[in-house]
Each structure stands twice: as C-alpha cells, then as structure tokens.
Amino acid sequence: MIGIGDSLPKFKLAGVKPGFNDPEEKGISAFEEINNDSFRGKWKIIYFYPKDFTFICPTEIIEFSSINDEVESSNAILLGGSTDNEFCKLAWRREHPGLKDLNHYSFADPKGALSEELGILSEEGVSLRATLITNPDNVIQHISVNALDTGRNPQEALRILKALQAGGLTACNWSPGQELLG
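Below is a short write-up of the structure. (Residues numbered from 1 in each chain as written. Predicted model: local features only at pLDDT ≥ 70, side-chain atom pairs only at ≥ 80, totals over all residues. Heavy atoms only, no water.)

Our focus in this paragraph is the nonpolar core. If you look at the biggest cluster of nonpolar residues, it comprises 19 residues, and the most contacted ones within it are Ile45, Ile61, Phe64, Val71 and Leu161. Sorting the residues of this core by element identifies strand S5 (43-48), helix H1 (56-66), strand S6 (76-82) and helix H5 (154-165) as the ones contributing at least two each. Here this core takes four residues from H5, the largest share from any one element. With residues up to four places along the chain from it excluded, the contact list for leucine 161 reads Trp43, Ile45, Ser74, Ala76 and Ile133. In this structure, Ile34, Phe107, Leu118 and Ile140 belong to the second largest nonpolar core, which totals 18 residues. (Core = buried A, V, L, I, M, F, W, Y, C linked by side-chain atoms within 4.5 Å. Buried < 20%, exposed > 50% of the residue type's maximum accessible area, 1.4 Å probe, protein only. Helix = DSSP H or I, 4+ residues; strand = E, 2+ residues; numbered from the N terminus. Contact = heavy atoms within 4.5 Å.)

It is worth spelling out the side chain of histidine 142 at this point. Structurally, histidine 142 can be placed in strand S9 (residues 140-146). The contact partners of histidine 142, leaving out residues within four places of it in the chain, are Ile4, Thr131, Leu132, Ile133, Ile160 and Leu164.

One ladder, built from five bridges, connects strand S1 (residues 12-16) with strand S4 (residues 31-35); its direction is antiparallel. Looking across to S4, one finds that leucine 13 is bridged to isoleucine 34. Taken together, the three bridges between S1 and strand S7 (residues 105-108) define a ladder with antiparallel strand orientation. Bridging across to S7, glycine 15 finds its partner in phenylalanine 107. (Pairing = 2+ DSSP bridges.)

Enumeration over the complete set of coordinates arrives at eight salt bridges. In this structure, the salt-bridge partner of aspartate 84 is lysine 51, at a minimum N-O distance of 3.0 Å. Taken together, the positions of aspartate 84 in the loop between S6 and helix H3 (86-95) and lysine 51 in the loop between S5 and H1 put the pair 33 residues apart, joining distant regions of the chain. The exposure class of aspartate 84 is buried, given its relative accessible area of 9%. The class of lysine 51 is partly exposed, set by a relative accessible area of 33%. Close ionic contact of glutamate 156 with arginine 159 constitutes a salt bridge, the shortest N to O distance being 2.9 Å. In this pair, glutamate 156 and arginine 159 are both assigned in helix H5, three residues apart and thus about one turn of the helix distant. The partly exposed category is assigned to glutamate 156, whose relative accessible area is 32%. On the basis of relative accessible area, arginine 159 is assigned to the partly exposed category, the value being 23%. Within the structure, one salt-bridge network assembled from shared partners comprises Glu60, Arg129 and Arg152. (Salt bridge = Lys/Arg side-chain N within 4 Å of Asp/Glu carboxyl O.)

With that out of the way, let us pick up H3. Working note: α-helix, 3.6 residues per turn, so residues spaced by three or four point in the same direction. Here H3 has its buried residues at Glu86, Lys89, Leu90, Trp92 and Arg93. One side of H3 holds all its buried residues, which, seen down the axis, span an arc of 160°. Buried-residue contacts for H3 involve S1, S4, H1, S6 and S7. With a side-chain oxygen positioned 2.9 Å from the backbone nitrogen of phenylalanine 87, the residue opening H3 is asparagine 85. (Arc of directions from axis to C-beta. Polar contact = N/O pair within 3.5 Å; in protein donor to acceptor, adjacent residues only side chain to side chain.)

On to the packing of aromatic side chains. The full count for this structure, using the stated rule, is seven aromatic pairs. Considering the side-chain rings of phenylalanine 31 and phenylalanine 87, the 5.0 Å spacing of their centres and the 65° angle between planes classify their relative orientation as edge-to-face. With a gap of 56 residues between them, phenylalanine 31 in strand S4 and phenylalanine 87 in helix H3 connect regions that are remote in the sequence. Overall, phenylalanine 87 belongs to the partly exposed group, its relative accessible area being 48%. Arranged with centres 5.0 Å apart and planes meeting at 65°, the rings of phenylalanine 39 and tyrosine 105 form a pair that is edge-to-face. Note that phenylalanine 39 is positioned in the loop between S4 and S5 and tyrosine 105 in strand S7, a separation of 66 residues in sequence. Of the aromatic side chains, those joined through ring pairs into one cluster are Tyr47, Tyr49, Phe53, Phe64 and Trp92. (Phe/Tyr/Trp six-rings, centres within 6.5 Å; stacked < 30°, edge-to-face > 60°.)

Okay, here's the thing in structure tokens:
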C-alpha cells in the first residue's frame, strides 16, 4: 500500500465534471480526463467508494458535497470515485435526488488500476472506502481506509486538510483558529 510521503502514481481516469447529469449539456461534454497534472497547485481530497447505486456510498458523497465550498476556499479540490464507469456515475446522478447536479468531480476507475496501485482494491474487485489528501505536488499527506461496510466522516477529512495546511504542530482535536503547538 502506498504511504505518507509517497507521490500519487501516474494515472489517467475519466472524470465527470461538477453539475452535469447528462453526457452532454448545452453542447459541452460532461467528461474530462483527470490525471496527475490536473488541478496544478491545489491540495486534493480524493475519496474512493465501492460502487455506484448502493446504500452507504450516497450518504458519503452527499456529505462530501456539503464540505466542497470549504475545500475550495482552502485551495483544494474534492474528487470522489469508484470502479464503476463514468456513464454509471451520470446515471446515478440522474436517479438519486441527493446526487443531482453534484458540486464536485467524480472519477471512474473501471479496471481498478489506480485502486490496485494504491493498495485499496478489495478482494471483491471494488475500491475500499479510502480517503487520501495530497499536497499541491501530489505527495500524499494523509490516508485513511475503512472496511466496505463502514462510512466515513467528511468533516474530519476537512479538519485534517486544514491541519495539514496550518504550517505547524496541531494538537489532538485541533480545529482551525486554535493555536499551534510549539
């Protein structure tokens, strides 16, 4: 499994742009290639979930969506995806009221290549519930991985992003605005 201080491996994924529900809207494609050079100069919160059209996954995606404005105001981008393809992601957005017009990028890793390289591909062939935070140079600063049946807390991912960006030592349960240690 990849670790803290490692660079993201080279990848090329199909991305679904924020706000799209159909493959093309007003003459603009919903799809965009996402790779290591995408979103230069930005921190990234990248979260993986097992499958589209499931039960726990939409609760997480909706909650990650609720922190997107704060993520963006922290010079970061939010990316969420699974081993399902990009067309499945759009279909799910159209089907699930909480995912309609999703405000952040989705990505498709249908062969599980990135998930496998990161060490988060389950025996079932789907991504585990993993969250990675990278700095603007794509160096991993945080990793957490949950079992398939255990949801995450996106507010904690946001807190960790802000702690990493704070530029010093942060105490247990540190939150933005609190003093740094030392």
